[in-house]
Amino acid sequence: MSETEHSQRHKQAMQEQKTQVDEQIKRADQKKGLLLVITGDGKGKSSSGFGMVARALGHGMKVGVVQFIKGAFSTGEEKFFRRFSDDVDYHVVGDGFTWETQNLEQDIASAERGWSICKEMLLNPDLDIVLLDELNIVLAMRYLDTSKVLADLAERPKMKHVIITGRDAPEALIEAADTVSRIEDVKHAFRAGIKAQKGIEL
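Predicted model, so just to flag it, every value in this text is computed and none were measured.

Visitor: So what exactly am I meant to see when it comes to the packing of aromatic side chains here?
Guide: The description of two aromatic rings rests on the distance between their centres and on the angle between their planes. Scanning the model with the defined rule gives five aromatic pairs in all. Pairing phenylalanine 50 with tyrosine 90 gives two aromatic rings, centres 6.3 Å apart and planes at 15°, and the pair type is stacked. Here tyrosine 90 lies in strand 3 (residues 88–92) and phenylalanine 50 lies in helix 2 (residues 45–58), a separation of 40 residues in the sequence. Each member of the pair, phenylalanine 50 as well as tyrosine 90, carries the same accessibility label: buried. Between the aromatic rings of phenylalanine 81 and phenylalanine 84, the centroid separation amounts to 6.4 Å while the plane-to-plane angle is 45°, which identifies the pairing as tilted. The class for phenylalanine 84 is partly exposed, based on a relative accessible area of 32%. What links up through ring pairs into an aromatic cluster is the set Phe50, Phe80, Phe81, Phe84 and Tyr90.

Visitor: I'm lost on the environment of arginine 191 in this one. Help?
Guide: Within the element layout of this structure, arginine 191 appears in the segment after strand 6 (179–182). Residue class for arginine 191 comes out exposed when judged on its relative accessible area of 54%. Those residues in contact with arginine 191 that sit more than four places away from it in its chain are Asp185 and Val186.

Visitor: Explanation requested: unusual backbone geometry in the structure shown.
Guide: Generally, phi is negative for residues other than glycine and the peptide bonds are trans, each holding for most cases. Despite not being glycine, arginine 142 shows a phi value in the positive range, around 65°. If you trace the backbone, arginine 142 turns up in the loop between helix 6 (135–140) and helix 7 (146–154). The residue aspartate 168 is not glycine, and still its phi comes out positive at about 60°. Looking at the element boundaries, aspartate 168 is found in the loop between strand 5 (161–165) and helix 8 (171–176).

Visitor: Which parts of the structure should I look at to understand the side chain of threonine 75?
Guide: Within the fold, threonine 75 resides in the loop between strand 2 (63–67) and helix 3 (76–81). Judged by its relative accessible area of 3%, threonine 75 is buried.

Visitor: What exactly am I supposed to notice about the pattern of salt bridges here?
Guide: Two side chains with opposite charge may pair up if their charged atoms get near one another. Throughout the structure, instances matching the rule amount to six salt bridges. Between lysine 18 and aspartate 22 there is a salt bridge, and its shortest N-O distance comes to 2.9 Å. Residue lysine 18 and its partner aspartate 22 are located together in helix 1 (residues 3–27), separated by four residues, close to a single helical turn. By relative accessible area, aspartate 22 is classed as partly exposed at 36%. We note a salt bridge from glutamate 78 to arginine 82, for which the minimum N-O separation is 3.0 Å. Residue classification places glutamate 78 among the buried residues on the basis of a relative accessible area of 15%.

Parameters and conventions
- Residues numbered from 1 in each chain as written.
- Predicted model: local features only at pLDDT ≥ 70, side-chain atom pairs only at ≥ 80, totals over all residues.
- Heavy atoms only, no water.
- Phe/Tyr/Trp six-rings, centres within 6.5 Å; stacked < 30°, edge-to-face > 60°.
- Helix = DSSP H or I, 4+ residues; strand = E, 2+ residues; numbered from the N terminus.
- Buried < 20%, exposed > 50% of the residue type's maximum accessible area, 1.4 Å probe, protein only.
- Contact = heavy atoms within 4.5 Å.
- Salt bridge = Lys/Arg side-chain N within 4 Å of Asp/Glu carboxyl O.

See below:
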């Protein structure tokens with residue numbers, strides 16, 4: 001195939017793709033607050049959620065953040081986004097990883113305390129987006145009742161977006177979500193004996 005033929009075929013393929021994409025965009029005429037779930041055993045779930053927080057701030061939106069599980073140590077996300085206190089309502093409610101706390105009653109109490117904050121955020125008309133970081137783990141461990149959480153999510157204002165991260169998202173939450181991303185663990189430095197690094201994991 002000549003270079004000219006290759007170029008012509010590429011142009012035709014791109015024209016066909018553009019037609020399909022334009023048609024999809026035309027059909028997407030609804031507006032609503034989305035429920036997004038980011039789950040899976042790979043790295044990057046919280047990073048994806050906080051990336052959307054940064055994007056929202058760039059559009060002048062107001063954001064609420066509740067971090068479950070990670071409360072025993074300070075993260076780079078927390079240090080950074082607390083600088084935007086006028087636009088980000090930030091709460092850390094966990095006591096650390098469950099294998100560190102080893103206290104079921106304490107973990108449940110922390111989760112319930114955190115969810116009371118989440119409910120306030122969900123109903124707060126001033127917040128455009130709410131990020132519930134690592135909530136999936138809390139639900140998987142049954143520290144909170146998934147059906148109750150779903151009922152509270154359903155009561156939020158129509159245009160409010162909610163992002164939920166963490167591995168092992170319950171099937172009921174996946175079913176209720178508008179967008180679900182599953183991040184796969186292909187390879188991880190930790191298994192090669194490399195410590196968690198600032199700016200990457202911390």
